[in-house]
Amino acid sequence: TEFVSANDLAALMDVSVNDVIKVCMQLGMFVSINQRLDAEAITIIADEFGYNVDFITSEEEQGLEDIVEENEEDLEERAPVVTIMGHVDHGKTSLLDYIRRANVTAGEAGGITQHIGAYKVKTESGRTITFLDTPGHEAFTAMRARGAKVTDVVIIVVAADDSVMPQTKEAINHAQAAGAPIIIALNKIDKPTANPDKVREELAQMNILVEEWGGKYQSQEVSAKTGLGIADLLEKVLLEAELLELKANPERQAIGTVIEASLDKGRGYVATVLVQTGTLQIGDVVLAGSHFGRVKAMTDHRGKKMKEAGPSTPIQLLGLDGAPQAGDKFVVMDSEREAREIASNRSQVQREQSLRTRKHITLDEIGRRL
Ligand code: GTP
Ligand code: MG
């Protein structure tokens, strides 16, 4: 609560900050726009505007702080989480498919591959990488808008027989804004018309200078068709990941992010989540956005049942009472009652916000018509 300014409060109530300050003055409180308001002041001011204030102290925030406050000796190395982005038809899906097919471990081959939007692979050197198969830039943007940081490394695919395209630039901007290191995959190198130097040149023009040319960006010529260069690409991903020193505490209660969720006719609400720290277990009470539930079952991308899922593991889980949104944080909580309460408070806030937005739109439209 101590982080709410007069400006924040005005935005929350959808009124002008001048009105808030005016009301404060009438109440004998002199506040400036960016002044932090205490809980009492917030309650009084909100009341003047006809709002009741719920102060939610969510365990989520505590959970997030815990990540930072984790003891160094509890931390273990975790697999990097990688997203592949690039222009339409440059080969994102083909590359993901090749990696998934080529890196199934013994005993997995022939299994039914479910589309769960995320999976873990083992590289030739025996290490693990988690791939997020985001449906596109929009999903990535939506997740970032919710403050979700799920990707450690971004692979930007550019077809070597084509050029740096608008969506290539957009993808690079997204990755840079998210602070994720970029690796360039120059795809379709098997094609006789491939001209990777032309692409390197275009990238250089936008300040993405690859290592071979003295820059800082790793790049790799690949073919998602023949598999050429893909093992090397994965090793470069691991190299980049090493620099990041990715760690998590597998012993704590799980915290992570919702990748996607939907209602399945047969199974109920199904959520694909990425465990980012801790270990998720069957029976855990999970709070995810404005939904909660006990984990009834977990499966990996091959539909194999799992009892637990550690850091950097994507899984599908059953047991939530609704479908949270992509990018929503999930946390494991001790008390089901508390999880239910926070979930219902959040639903309430969402409902109120959508009502307020509607009211706002109506007024605005009337204004325009006059
Ligand atoms: P969108 O999902 O539509 O944005 O495309 P994408 O980036 O996922 O591309 P996709 O993997 O669907 O590949 C587009 C086309 O390029 C398909 O016809 C692929 O077969 C072909 N293709 C992808 N990679 C290669 C490659 O390395 N070599 C060759 N010759 N063709 C490729
Ligand atoms: Mg695709």
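Residues numbered from 1 in each chain as written. Chains lettered and ligands numbered in written order. Predicted model: local features only at pLDDT ≥ 70, side-chain atom pairs only at ≥ 80, totals over all residues. Heavy atoms only, no water.

Visitor: Explanation requested: the pattern of salt bridges in the structure shown.
Guide: Here the idea is simple: oppositely charged side chains can pair when their charged atoms come close. Going through the model one piece at a time under the given rule, you end up with 15 salt bridges. As a salt-bridge pair, Lys 22 and Asp 19 come within 3.8 Å of each other at their nearest N and O atoms. With Lys 22 and Asp 19 both in helix α2 (residues 17-26) and three residues apart, the pair spans about one turn of that helix. The partner of Glu 221 in a salt bridge is Arg 200, and the shortest N-O contact between them spans 2.7 Å. Residue Glu 221 is found in strand β7 (residues 218-221), and its partner Arg 200 is found in helix α8 (residues 196-205); the two are separated by 21 residues along the sequence. Owing to a relative accessible area of 30%, Glu 221 belongs among the partly exposed residues under this scheme. Because the salt bridges share partners, they merge into one network encompassing Asp 197, Arg 200, Glu 212 and Glu 221. (Salt bridge = Lys/Arg side-chain N within 4 Å of Asp/Glu carboxyl O. Helix = DSSP H or I, 4+ residues; strand = E, 2+ residues; numbered from the N terminus. Buried < 20%, exposed > 50% of the residue type's maximum accessible area, 1.4 Å probe, protein only.)

Visitor: Looking at this model, I keep getting lost on the nonpolar core. Mind explaining?
Guide: Nonpolar side chains in soluble globular proteins tend to be buried together. Formed by 21 residues in total, the largest nonpolar core has its most connected members in Ile 84, Leu 95, Ile 99, Ile 129, Phe 131 and Ile 155. Looking at this core, the elements with two or more residues in it are β2 (81-86), α5 (92-102), β3 (118-122), β4 (128-132), β5 (153-159), β6 (182-187) and α9 (230-244). The greatest single-element share of this core, amounting to five residues, is contributed by α9. (Core = buried A, V, L, I, M, F, W, Y, C linked by side-chain atoms within 4.5 Å.)

Visitor: Honestly, the site of ligand 1 in this entry has me stumped. Any pointers?
Guide: Around ligand 1 there are 15 residues in total, and Lys 92, Thr 93, Ser 94, Asp 190 and Ala 224 lie nearest to it. Contacts to ligand 1 include His 90, whose backbone N or O atom sits 3.4 Å from an oxygen atom. Take Asp 190: an N or O atom from its side chain is 2.7 Å from a nitrogen atom of ligand 1. Burial of ligand 1 by the protein chains amounts to 67% of its free accessible area of 650 Å². A total of three residues in the shell around ligand 1 trace back to one element, the largest contributor, which is α5. Its residues assigned to classes, the shell around ligand 1 comprises two nonpolar, seven polar and six charged. (Near = heavy atom within 4 Å. Polar contact = N/O pair within 3.5 Å; in protein donor to acceptor, adjacent residues only side chain to side chain. Areas by Shrake-Rupley, 256 points an atom, 1.4 Å probe, with all protein chains shown as cover. Nonpolar A, V, L, I, M, F, W, Y, C, P; charged D, E, K, R; others polar.)

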